[in-house]
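Observations on the model geometry
Here is how the chains run, residue by residue.
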Amino acid sequence: METFLSMLESGRIIVADGAMGTMLQAAGLPIGMSPEAWLLENPDAVMGIHRAYVEAGAELILTCTFGGNRVRLERSGLSARVAEVNHRAVEIARRAADGRACVAGDMGPLGELLAPLGKLTYEEAVTIFAEQARALAEAGVDLLYIETMADLNEARAAVEGARQADDRIPITVTLSFDKHGRTNMGVRPEQAAEVLLEMGVAAVGANCGYSLEVTLQALEKMHAHAPQAVLIAKPNAGLPRMVERREVYDATPELMADYALKYVAVGARIVGGCCGSTPEHIRAIARAVK
């Protein structure tokens, strides 16, 4: 199995996995229950999703730990079990990958605003992110994958926390951009790229977000500002609509594969999907970019 850095150094396109949350919902995750809490009770369901992505061609899979930090886990009564939750998630992903894909330790936002808009200080955020990053690194992830960020300060805190946990492991960061081309905290793509690349991240990019086209525009701006950067594209499968209290995403595998080629054309080297995407979307993307 190649290392993540050797995959980057090869210059080839790396296919990432698709959604975890919406796939878990389809597998029976109750509305309102955290994926991390469900993972402890239903490891086979999570492993099955990972395996489906690997079979579809994913070379990079994300652990089921988007909300695996102390702040988010507190809502499920699991704040004292950060290490256990993250270790278990990595173990499941590793078994599913079976040497055929790299395992990225997924780290999402804290779910609370940083000061001055919220109560959490920057230093507290660094400590919380470091706790999760340390658990993921101890469990043996190949990289730390910070995603769906809106606040550039929070993204910086996540990177700093990851560095404190393990200063050797590669770190990547993606932000989520709205229909105005900025995050909901007003961060511009080129601004994010400049700050995060200066911090030494291995790759930067866009995930989730308003639409496939908005993701493309964000990557274009990042590439124009930092043409040497390794970019990540992991968009939602289009805009969701509600059907019987469930979000339904309408972007077809073929459409996402078409956009994957557009992302590659503007510098994306890691391409996958976010909310609403499935193994079929990833299979189509893999066929297109390979």
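Source: prediction; values computed, not measured.

A word on the overall build of the chain
Helix and strand content of the chain: 12 helices and 10 strands. By the burial criterion, 56% of the 290 residues in the chain qualify as buried. Counted over contacts in the chain with a minimum sequence separation of 6, partners at least 24 positions apart contribute 78%. As presented, the chain carries roughly 11,900 Å² of accessible surface, and 49% of it is formed by carbon and sulfur atoms. Each charge class in the chain was averaged separately, 28 positive and 37 negative side chains, and the resulting centres sit 2 Å apart.

As for the nonpolar core
Leu144, Val173, Leu196 and Tyr263 are the most contacted members of the largest nonpolar core, which totals 85 residues. With residues up to four places along the chain from it excluded, the contact list for Tyr263 reads Leu212, Thr215, Leu216, Leu219, Ala233, Pro235, Ala268 and Val271. Membership of the second largest hydrophobic core comes to 15 residues, among which are Phe4, Ile14, Cys102 and Ile270.

Here we look at the sheet that holds strand β2 (residues 60–62)
Taking strand neighbours across the sheet as the criterion, the eight strands line up as β1-β10-β7-β6-β5-β4-β3-β2 in an open arrangement whose pairing is parallel. Two strands close off the open sheet at either side, each with one partner strand: β1 (14–15) and β2. Where β2 meets strand β3 (residues 102–107), three bridges bridge the pair, whose relative direction is parallel. When the bridges of β3 are listed, Ile61 appears paired with Val103. Set on the sheet, helix α8 (residues 152–165) makes contact with β4 (143–149) and β5 (171–175); between it and β4 the angle comes to about 165 degrees.

Criteria and thresholds
Residues numbered from 1 in each chain as written. Predicted model: local features only at pLDDT ≥ 70, side-chain atom pairs only at ≥ 80, totals over all residues. Heavy atoms only, no water. Helix = DSSP H or I, 4+ residues; strand = E, 2+ residues; numbered from the N terminus. Buried < 20%, exposed > 50% of the residue type's maximum accessible area, 1.4 Å probe, protein only. Contact = heavy atoms within 4.5 Å. Areas by Shrake-Rupley, 256 points an atom, 1.4 Å probe, with all protein chains shown as cover. Lys, Arg positive; Asp, Glu negative; His and termini not counted. Charge placed at Lys NZ, Arg CZ, Asp CG, Glu CD. Core = buried A, V, L, I, M, F, W, Y, C linked by side-chain atoms within 4.5 Å. Pairing = 2+ DSSP bridges. Axes fitted to C-alpha atoms, helices over the stretch in contact; angles between N-to-C directions.

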